[in-house]
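Chain by chain, the residues run as shown.
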Amino acid sequence: AIVAFFGNSTSDFVSAMTNVADELPPHFGPLAPALEALVAGRFSECESFTSACDILCTLLNTIAADPGNMKYRKINVLKSKIAQKLISTPGMEEALTSLGWLAPEAGDDGELAFTGDVGGFTDAVDSITAVAAWARRRNAGVMLVSVTSDPKGW
């Protein structure tokens, strides 16, 4: 019955189960350095990583809600505790740069201004949320499964 469900051989079943057990993180280029640091540290910084992802999503959503308001397009990493929490997470400064936050030429020290395009924010927020969810599951030891053996789901 198992072979019939997964394909023509037992190797199809083993392959499907291996893919489920070794769930790979969703791909989102700007978070690649942060993910590498997270994995290299054996998820010891998972809480700060997921918190930084949440902060990043909030920043993006705030800009998307009012794209013309320059107040929301700037963060000061020296004065803002939230920005410091974001930047202190390994790889997140690179993520900000990839997403379009840059130091203005004549700006305050520690200030980053968003100079990117607001158009892809919905996709970016969805991708960041998916990566954070993967990290939370991985840290908790939860693995997604595609099939249950009992029709009632037990």
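In this numbering scheme, every chain counts its residues from 1 along its sequence in written order. For this predicted model, a pLDDT threshold of at least 70 governs which residues receive local features, and a threshold of 80 or more governs which side-chain atom pairs are given and counted, while totals over whole chains, interfaces and linings are taken from all residues. Heavy atoms from the whole structure form the basis of all side-chain values; hydrogens and water molecules are not counted.

Engineer: Would you mind going over the sheet that holds strand E1 (residues 74-76) in detail, with residue names and values included?
Structural biologist: Pairs of strands are assigned from DSSP output, requiring at least two bridges between the strands. Working definition: helices are DSSP H or I runs of at least four residues, strands are E runs of at least two. Numbering for both runs from the N terminus. Judged by pairing direction, the sheet is antiparallel, and its three strands sit side by side in the order E1-E3-E2 without closing on themselves. Strands at the two margins of the open sheet, each flanked by one partner only, are E1 and strand E2 (101-102). Relative to strand E3 (residues 111-114), E1 runs antiparallel, the two sharing three bridges. When the bridges of E3 are listed, Asn-76 appears paired with Glu-111.

Engineer: Describe in detail the side chain of Glu-111, supporting the description with residues and values.
Structural biologist: Here Glu-111 lies in strand E3. Despite being buried, Glu-111 has no salt bridge partner; Lys-74 is the closest side chain of opposite charge, sitting 4.2 Å away. Not counting residues up to four positions away in its chain, the partners in contact with Glu-111 are Lys-74, Ile-75, Asn-76, Leu-102, Ala-103 and Pro-104. Categorising residues by exposure relies on relative accessible area from a 1.4 Å probe, with only protein chains included: less than 20% of the type maximum marks a residue as buried, more than 50% marks it as exposed, and the intermediate range marks it as partly exposed. We score Asp and Glu as negative and Lys and Arg as positive, and we do not count His or the chain ends. Salt bridge, as applied in this entry: a Lys or Arg side-chain nitrogen positioned within 4 Å of an Asp or Glu carboxyl oxygen. Residues count as neighbours in contact if any of their non-hydrogen atoms are within 4.5 Å of one another.

Engineer: Give me the lowdown on the packing of aromatic side chains, citing residues and values where you can.
Structural biologist: Ring geometry is summarised as follows: Phe, Tyr and Trp rings, the Trp one being its six-membered ring, pair when their centres sit within 6.5 Å, and such pairs are stacked at plane angles under 30 degrees, edge-to-face over 60 and tilted between the two. Counting across every chain of the model gives three aromatic pairs. Three or more aromatic residues joined by ring pairs form one cluster here, namely Trp-101, Phe-114 and Phe-121.

Engineer: Can you tell me about unusual backbone geometry, naming the residues and giving the values?
Structural biologist: Although it is not a glycine, Arg-42 sits at a positive phi angle of roughly 55 degrees. Inspection of the secondary structure assignment puts Arg-42 in the loop between helix H3 (32-40) and helix H4 (46-65). Even without glycine at this site, Phe-43 takes up a positive phi of about 65 degrees. Summarising the element assignment, Phe-43 is placed in the loop between H3 and H4.

Engineer: I'd like to hear about helix H7 (residues 121-140), residue by residue, with values.
Structural biologist: Helix span, expected: 1.5 Å multiplied by one less than the number of residues in the helix. A rise of 1.5 Å per residue sets the reference length of H7, with its 20 residues, at 28 Å; its end C-alpha atoms lie 28 Å apart and thus fit the reference within 8%. Listed in full, the buried residues belonging to H7 are Phe-121, Ala-124, Val-125, Ile-128, Val-131, Ala-132, Trp-134 and Ala-135. Packing partners of the buried residues in H7 comprise H3, H4 and E3. Just downstream of H7, Gly-141 is the residue with a positive phi angle, here 80 degrees.

Engineer: Talk me through H4; I want residue IDs and the actual numbers.
Structural biologist: When the terminal C-alpha atoms of H4 are compared, their 28 Å separation across 20 residues agrees well with the 28 Å that a helix rising 1.5 Å per residue should span. Among the residues of H4, Cys-46, Phe-49, Thr-50, Ser-51, Ala-52, Cys-53, Ile-55, Leu-56, Cys-57, Leu-59, Leu-60 and Ile-63 are the ones counted as buried.

Engineer: If you had to explain the nonpolar core to someone new, which residues and values would you point to?
Structural biologist: Generally speaking, a soluble globular protein has its nonpolar side chains buried in company with each other. What makes a nonpolar core is a set of buried Ala, Val, Leu, Ile, Met, Phe, Trp, Tyr and Cys residues whose side-chain atoms join them at distances within 4.5 Å. Ranked by internal contacts, the top residues of the largest apolar core, which has 35 residues, are Leu-31, Phe-49, Leu-56, Leu-86, Met-92, Trp-101 and Ile-128. Looking at this core, the elements that each hand over two or more residues are H3, H4, helix H5 (81-87), helix H6 (92-99), E3 and H7. Top contributing element to this core by residue count: H4, with ten residues. With residues near it in sequence (within four places) discarded, Ile-128 still touches Phe-28, Leu-31, Cys-53, Leu-56, Cys-57 and Leu-60.

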